[in-house]
Each structure stands twice: as C-alpha cells, then as structure tokens.
Amino acid sequence: MHIAEGFLPPAHAVAWGVASAPFVVHGVRSLTREVREHPESTLLLGAAGAFTFVLSALKLPSVTGSCSHPTGTGLGAILFRPPVVAVLGTITLLFQALLLAHGGLTTLGANVFSMAIAGPWAGYGVYRLLRRCAAPLMVAVFCGAFVADLSTYCVTSVQLALAFPDPGSGFLGSLGKFGSVFAVTQIPLAVSEGLLTVLVMRLLTQSSKGELTRLGVLPAGAGTGAVAR
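Conventions and cut-offs
- Residues numbered from 1 in each chain as written.
- Predicted model: local features only at pLDDT ≥ 70, side-chain atom pairs only at ≥ 80, totals over all residues.
- Heavy atoms only, no water.
- Helix = DSSP H or I, 4+ residues; strand = E, 2+ residues; numbered from the N terminus.
- Buried < 20%, exposed > 50% of the residue type's maximum accessible area, 1.4 Å probe, protein only.
- Contact = heavy atoms within 4.5 Å.
- Areas by Shrake-Rupley, 256 points an atom, 1.4 Å probe, with all protein chains shown as cover.
- Lys, Arg positive; Asp, Glu negative; His and termini not counted.
- Charge placed at Lys NZ, Arg CZ, Asp CG, Glu CD.
- Salt bridge = Lys/Arg side-chain N within 4 Å of Asp/Glu carboxyl O.
- Axes fitted to C-alpha atoms, helices over the stretch in contact; angles between N-to-C directions.
- Left-handed = near helix turned anticlockwise from the far one by under 90°.
- Polar contact = N/O pair within 3.5 Å; in protein donor to acceptor, adjacent residues only side chain to side chain.
- Phe/Tyr/Trp six-rings, centres within 6.5 Å; stacked < 30°, edge-to-face > 60°.

Trainee: Requested: an account of the overall build of the protein chain, with residues and values cited.
Mentor: Regarding its fold elements, the protein chain presents 8 helices and 2 strands. Its helices and strands in sequence order give the protein chain the pattern α-α-β-β-α-α-α-α-α-α, from N to C terminus. Seen through its principal axes, the protein chain has C-alpha atoms that stretch 60 × 30 × 25 Å. Counting all 229 residues of the protein chain, 50% fall into the buried class. Here the analysis covers contacts within the protein chain between residues at least 6 apart in sequence; of these, 73% occur between residues at least 24 apart. Total accessible area on the protein chain stands at roughly 9,800 Å², and carbon and sulfur atoms take up 73% of it. When the 13 positive and 8 negative side-chain charges of the protein chain are each reduced to one mean point, those points stand 9 Å apart.

Trainee: Describe the pattern of salt bridges, naming the residues involved and giving the relevant values.
Mentor: Taken as a whole and assessed by the stated rule, the structure comprises 4 salt bridges. One salt bridge in this structure joins Glu-34 and Arg-214, with 2.8 Å as the shortest N-O distance. Linking Glu-34 in helix α1 (residues 10–37) with Arg-214 in helix α8 (residues 209–214), this pair joins segments that are 180 residues apart in sequence. For Glu-34, a relative accessible area of 14% puts it in the buried group. Note that Glu-40 and Arg-214 form a salt bridge whose closest N and O atoms lie 3.7 Å from each other. Linking Glu-40 in the loop between α1 and α2 (42–56) with Arg-214 in helix α8, this pair joins segments that are 174 residues apart in sequence. Several salt bridges converge on common partners, so that one network encompasses Glu-34, Glu-40, Glu-211 and Arg-214.

Trainee: Would you mind going over the packing of helix α5 (residues 108–132) against helix α6 (residues 137–163) in detail, with residue names and values included?
Mentor: Relative to each other, α5 and α6 sit at 150°, their axes nearing to 7 Å. Viewed along their axes, α5 and α6 form a crossing whose handedness is right-handed.

Trainee: I'd like a rundown of unusual backbone geometry, residues and numbers included.
Mentor: Where the residue is not glycine, phi is negative for most of them; where a peptide bond is considered, it is trans in most cases. Despite not being glycine, Arg-81 has its phi angle at roughly 80°, a positive value. You can see Arg-81 is positioned in the loop between α3 (73–80) and α4 (82–100). One non-glycine residue with positive phi stands out, namely Ala-134, at about 70°. Within the secondary structure layout, Ala-134 lies in the loop between α5 and α6.

Trainee: Residues and numbers for the side chain of Glu-193, please.
Mentor: Here Glu-193 is to be found in helix α7 (residues 170–207). Buried and unpaired, Glu-193 has no salt bridge, with Arg-81 as the nearest side chain of opposite charge at 16 Å. In terms of polar contacts, Glu-193 uses its side chain to reach the backbone amide nitrogen of Gly-72, at 2.7 Å. The residues touching Glu-193, leaving out its near neighbours within four places in the chain, are Leu-55, Pro-70, Thr-71, Gly-72, Thr-73, Gly-74, Ala-145 and Asp-149.

Trainee: Explain the packing of aromatic side chains to me, using residue names and the numbers behind them.
Mentor: Enumeration according to the criterion identifies 6 aromatic pairs in this entry. The interplanar angle of 55° and the centroid separation of 4.9 Å between the aromatic rings of Phe-7 and Phe-164 together place this pair among those described as tilted. Of this pair, Phe-7 sits in the segment before α1 while Phe-164 sits in the loop between α6 and α7, and the two are 157 residues apart along the sequence. Taking the relative accessible area as the measure of exposure, Phe-7 reaches 25% and is therefore partly exposed. What makes Phe-164 partly exposed here is its relative accessible area of 31%. Geometrically, the ring pair formed by Tyr-153 and Phe-182 is edge-to-face, given 5.3 Å between the ring centres and 65° between the ring planes. Of this pair, Tyr-153 sits in helix α6 while Phe-182 sits in helix α7, and the two are 29 residues apart along the sequence. What makes Tyr-153 buried here is its relative accessible area of 2%.

None of the figures reported here should be taken as evidence of function without further support.
If you want it as structure tokens, here you go:
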C-alpha cells in the first residue's frame, strides 16, 4: 500500500494530497479536543498509534511501486473514531517515509487517503453496522479491522489504476490487474490483522474497561456481547 516515492505522476500526487488535507485538518481538531477534554486517554491514543506504526511497518513485496502489509488502523478507528486515525495514520506514514523509506513525501497524500482515511472509515462503518445489529463486540471488531485493511488496498488499486491505465483495456483492466495481485497477499493479511485486533481488544477490555466504557466501545454495566451506544 505504501506507494513509492516519485511513483505517481505529479498531478495525481497533488490531487490526492488536496483530497486528504481536509480530513487531516478535521482530525487534528478532533484529536486536540479529545486530549484537552480527556487527558487520561493519551496513553490509549499512544497505544493505538504505536499499533498502527508497528503493523504497517511490516512491509512485504507486492506490485511494482507498492507493497503489502497490515495497516493497524481498525483498532484506532473503533476506539477513537476515524477522524483521529487520519492524524495518527498521517504521522505514521510521515515517519515511515522519512525513517524507513516506506512510501514517500510526494506520495504521502495518496498513502494517507488509502490507509488513514478510506480504510478507517470503511472499517468503522462495518463495525458500527454490526454493533447496531447486535453482533458480539469481538465479531464486530474482527470485521471492522478486516475491512479497514482490505479496503485500503482496494483504494490503492484504484489510485494506481487511475495513474497507470492499461493501454488496451484502460482503467478497468488496470484495476483488475492491480486488485488481483494485491488480493493474493492482502486477504490473508487482513484476516491475520482482524484476529490480532481482537486479541488486543480482549486485553483492553480487561485492563482499560473504564476508558472503553467512556469511549462507547463497552456499555456501562454490560459485557462484551452487549450493543454499544
């Protein structure tokens, strides 16, 4: 998913940066409000950011100009909502571009849009839908993390297909090629990330039940199978 430095045409790189900017600005406001109103959440915020950084640093070769890896954004989206993850993901991608040569500065906007914006929103939407349908918490967590991971790569496939349409079949042909190659590595990675996120959430329900209740993940006085507000 980390599109490499200089791989996108300049116009595409700028366009994705412009598209990502409003989400990141809104996320900064949301994060600032969360820390100001609930300073006790700082430790959990740091843990969510570290989870994203560590998982997304596990890079595997994939298609030309990109790579496959877990994203780790589903956990943060479930805990603090997608706007906050837009900031955590941007910081993660910026540090990875500067320190690990994962992605790049010219492709930062595109990578932010796929991993820190589209993925978290898709995963959070699935999580909320399942909880409203009275699904057990851990089932919703698994599905949310799975979708957040997989949808990131669907968006990356769209980004690459827009930038490099197939000479014969155009955008759709290129989308099919990029998507099919990503699917080989990403589906099992998404399953693994879902399971790992469930494990982390189980630990949090034991160690941070009060904070999870305040965040609406756990209802007051209920177990993990009840529907959150």
